[in-house]
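# Structural overview for review
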Amino acid sequence: MISRAAKLALLACGISLPLAAAMEPAQVYRGTAHDALFGMCLDGEQGIAVGVGGLVIESEDGGQSWSSIPPFTRSALLDVSCGEGPNLIVAQEGGIFQRDGDAFNPIDAGTDARLLAVDGNTAGLAFTVGSFGTILKSQDGGSTWEPVALDWEAILNDFVEPHLYDVIVDENGVVTIVGEFELGVRSTDGGTTWETAHIGDASLFGMNLTEDGNGFAVGQEGRV
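To keep things clear, this report deals only with the structure shown in the data block. (Residues numbered from 1 in each chain as written. Predicted model: local features only at pLDDT ≥ 70, side-chain atom pairs only at ≥ 80, totals over all residues. Heavy atoms only, no water.)

## Looking at the overall build of the protein
Note the cut-off: Think of it this way: any DSSP run of H or I at least four residues long counts as a helix, any run of E at least two long counts as a strand, and we number them from the N terminus. Each residue is placed in one exposure class: buried if its accessible area under a 1.4 Å probe, protein chains only, is under 20% of its type's maximum, exposed if it is over 50%, and partly exposed if it falls in between. In what follows, a contact means two residues having at least one pair of non-hydrogen atoms within 4.5 Å. The Shrake-Rupley method, run with a 1.4 Å probe sphere, supplies the accessible areas, and residue values consider only the shown protein chains as cover.
The secondary structure content of the protein amounts to three helices and 18 strands. A burial count over the protein gives 45% of its 224 residues as buried. Here the analysis covers contacts within the protein between residues at least 6 apart in sequence; of these, 35% occur between residues at least 24 apart. When the accessible surface of the protein is split by element, carbon and sulfur atoms take 50% of a total near 12,300 Å².

Here you go:
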């Protein structure tokens with residue numbers, strides 16, 4: 001196996017490598033055996049990853065190197081948003097933390113639900129979603145939040161409140177959420193009205209949408 005240092009030396013000399021060798025992943029951060037990271041945001045040169053026991057690590061060089069931020073909570077941190085939009089971290093028991101300079105300050109969102117995902121845009125519109133159908137909306141970059149209620153009985157034809165696992169807020173205020181029961185719901189007006197995009201069986205845990213509207217969601221049973 002070619003070492004990473006050897007690969008860099010060969011590339012510096014203009015010697016090309018097979019694609020598989022050049023793309024071999026390299027470890028850029030190592031925590032303790034008990035560390036677990038649950039969410040990550042990478043935007044340009046900025047990267048933030050969050051995890052168990054208030055663990056936060058940050059990169060300022062596009063993920064090449066990482067350093068830890070002094071802990072500000074002992075809660076498990078489950079997702080983070082970064083970039084030019086609001087820098088927010090969400091956690092268990094309704095925890096929301098908003099970045100102000102070098103500090104992440106707690107925000108009272110009025111819920112004790114486990115919050116599993118968060119995203120926002122440069123206009124200050126932000127959404128966080130979580131357990132038992134929890135949806136919260138902010139229009140001021142995460143300083144204040146209000147609950148969003150969907151009629152889950154009508155959507156799912158059942159008396160259940162689905163866990164919601166991921167949310168994306170684009171620059172036009174389009175909000176897309178995925179979760180249990182292969183659920184996809186979408187709002188084109190910043191969360192005022194909603195439409196059901198998809199329903200199935202397998203839970204969807206994560207998604208990625210591009211600016212042209214194409215995207216993928218992944219979940220249980222290898223579902224894509």
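## Brief notes about the pattern of salt bridges
Let me state the cut-off plainly: The salt bridge criterion pairs a side-chain nitrogen of Lys or Arg with a carboxyl oxygen of Asp or Glu, the two atoms within 4 Å.
All told, the structure shown has four salt bridges when counted by the stated rule. Two residues, Arg 99 and Glu 58, come together in a salt bridge whose shortest N-O distance is 2.9 Å. Of the two residues, Arg 99 is situated in strand β7 (residues 96-100) and Glu 58 in strand β3 (residues 56-59); the sequence distance between them amounts to 41 residues. What makes Glu 58 buried here is its relative accessible area of 13%. The salt bridge involving Arg 223 is made with Glu 182; its shortest N-O contact spans 2.4 Å. Placement of Arg 223 in the segment after β18 (215-219) and of Glu 182 in the loop between β14 (175-179) and β15 (183-187) is noted, with a sequence separation of 41 residues between them. For Glu 182, a relative accessible area of 10% translates into the label buried. Taken together, the shared-partner salt bridges in this structure form one network comprising Glu 182, Glu 221 and Arg 223.

## Remarks on the nonpolar core
Keep this limit in mind: Each nonpolar core is a collection of buried residues, namely Ala, Val, Leu, Ile, Met, Phe, Trp, Tyr and Cys, held together in the definition by side-chain atoms within 4.5 Å.
Core analysis: the biggest nonpolar cluster contains 17 residues, and Phe 127, Ile 135, Val 167 and Ile 177 have the highest contact counts within it. With 12 residues, the next largest nonpolar core counts Leu 77, Cys 82, Ala 91 and Phe 104 among its residues.

## Details of a negative patch on the surface
Spelled out, the test is: The patch calculation keeps residues exceeding 30% relative accessible area without a salt bridge and links them within 9 Å when they carry like charges or within 5 Å when they are nonpolar (Val, Leu, Ile, Met, Phe, Trp, Tyr). None of His or the chain ends enter the tally, which takes Lys and Arg as positive and Asp and Glu as negative. Each charge is placed at NZ for Lys, CZ for Arg, CG for Asp and CD for Glu.
Together, Asp 43, Glu 84, Glu 171, Glu 211 and Asp 212 give the surface a local cluster of negative charge. Assignment of secondary structure puts Glu 84 in the loop between β5 (77-81) and β6 (88-91). The exposed category is assigned to Glu 84, whose relative accessible area is 72%.

## Some words on the environment of Val 174
Mapped onto the elements of the fold, Val 174 is located in the loop between β13 (164-169) and β14. For the pair formed by Val 174 and Gly 190, sequence separation is 16 residues and the distance between their alpha carbons is 5.9 Å.

## Description of the sheet that holds strand β11 (residues 135-138)
Basically, it comes down to this: Each pair of strands is called paired provided DSSP finds at least two bridges between the two strands.
Strand order in the open sheet formed by four strands is β9-β10-β11-β12, with antiparallel pairing between adjacent strands. In this open sheet, the two strands that pair with only one neighbour each are β9 (115-120) and β12 (146-147). With five bridges joining them, β9 and strand β10 (residues 126-130) adopt antiparallel strand pairing. Along β10, the bridge assignment pairs Leu 115 with Gly 130.

## Looking at the state of the cysteines
Note the threshold: Defined by distance alone, a disulfide is two cysteine sulfur atoms within 2.5 Å.
All chains considered together, the criterion is met by one disulfide. Linked covalently through their sulfurs, Cys 41 and Cys 82 form a disulfide whose S-S length is 2.2 Å. On the sign convention where negative is left-handed, the bridge of Cys 41 and Cys 82, at about -90° about the S-S bond, is left-handed. Within this pair, whereas Cys 41 is found in strand β1 (residues 37-43), its partner Cys 82 is found in the loop between β5 and β6, the two being separated by 41 residues in sequence. One exposure class covers both Cys 41 and Cys 82, and it is buried.

## Comments concerning the sheet that holds β7
Selection criterion: In this analysis an axis means a line fitted to C-alpha atoms, helices contributing only their contacting stretch, and an angle means the value between N-to-C directions, from 0 to 180 degrees.
Strand order in the open sheet made by the four strands is β5-β6-β7-β8, with antiparallel pairing throughout. Strands at the two margins of the open sheet, each flanked by one partner only, are β5 and β8 (103-107). For this sheet, the mean angle separating the axes of adjacent strands, direction not counted, is 25°.

## Some points on unusual backbone geometry
In this structure, Asn 157 takes a positive phi of about 55° despite not being glycine. Along the chain, Asn 157 turns up in the loop between α3 (152-156) and β13. Classification of Asn 157 as exposed rests on a relative accessible area of 72%. Phi is positive for Phe 181, which is not a glycine, with a value near 60°. For Phe 181, the location among the structural elements is in the loop between β14 and β15. A residue is classified by how much of its surface remains accessible, and Phe 181, at 30% relative accessible area, is partly exposed.

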